[in-house]
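A closer look at the structure
What follows is each chain in one-letter form.
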Amino acid sequence: MLRSRHPSKKGRIWGFYILMLYTSPLSCLANFSQAKELIYTIKEGLPKGTFIGAIGEDLRLDFTVEPPFSFSLTQKKVTEQYVNINNTTGELYTSAAEIDRETLCPYSSDKQGCFFSLDVFVLPQQYFQLVKVKLLIEDVNDNRPKFPMDEICMFVPENAQINSRFAVEQSAVDPDLGIFGVQTYWLVNDFGVFTLDVEENDGGELTPFLIITDFLDRETQDEYITDIIAEDGGTPPLLGAATLKIAITDVNDNCPKFTESQINVTLHGNTSKGTHLARLHAFDPDLGTNAEISYAYSERVPRDTRSLFHLDKITGGIKLARKIDSATATFYKLTVLANGPGCIPAVATVSVHVIKLVTGPPDILPRYIASEKDGVVTLKESEPAFSPIAFFTIKNMDKTHRVDCYLEGNGPFRLVPYQQLENEYLLETTDTLDYERIQEYELIVVANKTLGMVIKTFLKVQVLDENDNAPVFQQSLVEISIEENNSPNTFLTQLQASDPDSEGRGEVIYILGGDAPGIFAVDRLTGVLTVATSLDREEKEKYRFIVRAVDQGTPRRESLATVVVTVLDRNDNSPRFINKDFTFFVPENFPGFGEIGVLSVTDADAGKNGWVALSILNGSDIFMIDTGRGALRAKTPLDREQQGTYQLWIEAADGGVPALSSITMVTVLLLDVNDNPPIVLFPQSNQSYMLVLPSTAPGTSIAEVYAVDKDTGMNAVIAYSIIKRKGGEPGSFAIDPQTGNITLMRELSNRGLYSLLVKVTDHGQPEPLYSTVIVNFFVNETVSNESYIQSLLTRDTDIEVEEKPWYGGQMTDGPERYELFPCRSVLIALSVVCLGLFFLVVILISYICCKRFKKIRHKRSEVEAPLKMKNGSTHDLNRKLRQMSKM
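Heads up: these notes are all about the structure in this document. Just so it is clear, the structure is predicted and the values come from calculations on it, not from any experiment. (Residues numbered from 1 in each chain as written. Predicted model: local features only at pLDDT ≥ 70, side-chain atom pairs only at ≥ 80, totals over all residues. Heavy atoms only, no water.)

1. Brief notes about the state of the cysteines
Note the threshold: Any two cysteine sulfur atoms lying within 2.5 Å of each other are counted as a disulfide. Runs of H or I in DSSP of at least four residues are treated as helices and runs of E of at least two as strands, each being numbered from the N terminus. Burial classes: relative accessible area under 20% of the type maximum marks a residue as buried, over 50% as exposed, and values in between as partly exposed (1.4 Å probe, protein chains only).
Applying the stated criterion across every chain yields a total of two disulfides. With its sulfur 2.4 Å from that of its partner, C255 forms a disulfide with C343. Because the sign of the S-S torsion sets the handedness, a value of about -85° for the bond joining C255 and C343 places this disulfide among the left-handed ones. Taken together, the residues span a long stretch of sequence, with C255 in the loop between β14 (239–249) and β15 (257–258) and C343 in the loop between β22 (331–339) and β23 (346–355) at a distance of 88 residues. Relative accessible area serves as the criterion here: at 33%, C255 is assigned to the partly exposed category.

2. Topic: the pairing of strand β40 (residues 542–551)
Consecutive side chains of a regular strand alternate in pointing toward one face of the sheet and then the other. Here is the rule: Strand pairing follows a simple DSSP-based rule, namely that at least 2 bridges must link the two strands.
Two strands pair when backbone bridges link them, and strand β37 (residues 508–512) and β40 are joined in this way by five bridges, in the antiparallel orientation. Paired with I509 across the strands is V550, a residue of β40. Examined bridge by bridge, β40 and strand β41 (residues 558–568) share nine bridges and lie antiparallel to one another. By the bridge assignment, K542 is partnered in β41 with T566.

3. A closer look at the pairing of strand β32 (residues 454–464)
Summarising the sheet, strand β26 (residues 376–380) and β32 pair through five bridges and their orientation is parallel. Within β32, the position partnered with L379 by the bridge is V463. When strand β31 (residues 440–449) meets β32, the two strands line up antiparallel, connected through nine bridges. Counterpart to N448 in the pairing with β32 is V454.

4. Examining the sheet that holds strand β28 (residues 403–408)
Heads up, the condition is: Axis definition: a line fitted to C-alpha atoms, over the contacting stretch in the case of helices. Angles run 0 to 180 degrees between N-to-C directions.
On the basis of which strands lie adjacent, the open sheet formed by five strands has the order β25-β26-β32-β31-β28 and mixed pairing. Looking at strand neighbours, the two that pair on one side only are β25 (371–373) and β28, the edges of this open sheet. Each adjacent strand pair in this sheet contributes to an overall mean axis angle of 25°, direction not counted.

5. What about the sheet that holds strand β38 (residues 520–522)?
Strands sit in the order β35-β39-β38 across an open sheet of three strands; the sheet is antiparallel. Only two strands of the sheet have a single partner each, and these edge strands are β35 (490–494) and β38. Strand after strand, the sheet turns through a mean of 25° between neighbouring axes, direction not considered.

6. Some words on the packing of aromatic side chains
Note the following rule: Aromatic rings from Phe, Tyr and Trp, with only the six-membered ring used for Trp, were paired whenever their centres fell within 6.5 Å, and each pair was classed as stacked if the ring planes differed by under 30 degrees, edge-to-face if by over 60, and tilted otherwise. Counting as a charge over the ring demands two things of the Lys NZ or Arg CZ atom: a distance within 6 Å of the ring centre and an angle within 35 degrees of the ring normal.
With the rule as written, the count across this model stands at 23 aromatic pairs. Consider the rings of F121 and F128, whose centres lie 5.7 Å apart with planes at 55°: the pair is tilted. By relative accessible area, F128 is classed as partly exposed at 33%. Ring plane angle 20° and centroid distance 6.3 Å describe the contact between F582 and F584, whose orientation is recorded as stacked. Classification of F584 as buried rests on a relative accessible area of 12%. Through a chain of ring-to-ring contacts, the aromatic side chains of F63, F69, F71 and Y127 assemble into a single cluster. We note K134 situated over the ring of F115; from NZ or CZ to the ring centre the distance is 5.8 Å. One Lys or Arg, R165, reaches over the ring of F209 and ends 5.1 Å from the middle of that ring.

As structure tokens, then:
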């Protein structure tokens, strides 16, 4: 097929449209038309405002376009319950309602995951796209295991073998997943006969199994009550508890036994039909059908005898079935069997003696006051003494014979004639009854005729229990010791109280007193005392509270026990200095081994854990510290001029194992003491000199005395003064007391050597120290004969006093000393002597000065002559001046 090489006009138009489509701004956003999917992962239970993700950034949208993007949720009522969206940036945040994974995805597994889906619109229309957002909700350990019922009942036969296993069907449920689900089970109290094992089925569910570890005996203990604990794998783990009641079911492992195997009964020949003769009692400690007992005569008992004496198969009572022939005197031996299921019958023998009566025997007619049934009287143990039980009337009395009526049997009972009535007797108590001591009494009312004829009536008294005993703790004071920092829900002890009352009246529950802190808990049934939280000895060392043991009778009775919990110390506190660091100021030259300062340190622990020893980590060759008291001392006196500051690291270690310690920094600052006099650095010696031209104008600074003091502060402030001079007129020189600059005050007319004695004094306290230096000036145009100048310097001549020192007061040493005398008379005498000496000295000085003046003029002429003969250059003169100034 041939095609045209040139496109048609219509083709060019369609190509233009296509080109415009791809070059238009809409083509840049063509990829927005497809739905996108984003997945974010968050944990359940996050608070409101927690950042989830930024949809705009994750879609890589260009936020610079116009009009700007906007974001909105499609199903706002449902979606905004859990998340909010920023309409401008597309950022997702959690809303007020916390997301609960177990509510949102109740049937999801760990493998499936829990997803919450929402749709987001990206607008405006030209940018529109639908974004599918999925939130993967991760599980957290926010649910504790829970048993389906608060009380779980199990039945275990008493003949169960050791290592027998019984499944606890009501296992705990934890809606959390994976490791946060139920991981193990354990018993609070295993009583030494139980333990728990856990088996996992194919579906991953854990089932606890109760394992028997020792032999059981229902007759010894028929029920065990403890708590079963389910624990998950969280950190910390969460616990769920239920009461586990283990009932020991009966097995027919006991046979009936008679309480009395031999009973003797005496019967008169005229005893009426239906008279109660005896009652046999057999006991089987088993329960239910295993304890059922039936009574029967042995095959050895003749049939006629069986028909004469009726035996109740259920109660074991024997009654006279018909009248006995009064003319006969017979002995009957009744062998009675007590039969139990699967047991060899127990055997008892009843011997019946029938007494022949010449006349009719007396007859005893009972009339009961207390409650009676089948010859058994019941009395409450609260009945007071002398409570009436029954009246007994003696009938068939032969007036010619006396009848004695009396009571046989043990117990607080008596049979007495009633007032003045004949043949009437009252049976009553003589003391209060106590069910906890004796529950049953057997009494016999005997009527004895003088001819030897005896009739007996048997009576059984059963005591009814009442709640007359309060529970009794084995210990009224329970002292418990536990180390601090214990784990939560730690077992402390098991309180035990007993109540001798029967049934509910003897059942004891345990209750904490009102003074017990909330951190302690006691199991109502077992008395197991636990502490819910970790204890801190430093917060509280001893807890004292009351535990009540209450029975279930009416009215309830209770007793109290005092529990004292002592928290033992553990070395969990490091020593603490009272300050973060210490600074001590000590004057220098402080005597060795003197106390510089004390470092106070405390340790909240007790005993050895609270003993603190101090040691120096650095500088122990200079300093030492008392390990107990904390006093810091220097081994030798310290000199600030050698070192002014010392920084020491002090360690405080306690006596625990392992020991805990802390470190502090101690700064020792030495305070200056005025122990150094000023040191003159220039002039360097008393033999140096400086050239001064005769043409030097007054007011010119011609020299400077420079001194330093190693001390600090006012001890290092220096003052300069001229105290003596040699040559020149008084007031020719002046020195600046602060800078030491010497200024020429008058024109020097005479050439030659001038000397000044300068005193350099500090401002130290309590006494200033000073040094002196001689400042020499050689007045001439040049220096041509140094040997001559040196000879002048070495001559030992006096220097005249120029002026008093700049300071007032007493000077301890030096060329001058001023003293004050307190006595006026001594002052006057000394003044007169001084005046005389003064005139004498003036005369001598005048004479010496005249001679010296002539000698100086002679030497001056000698000096000027050689100086004029030498023609030194100005350069040589300046060089020599510099050399002398450096001396």
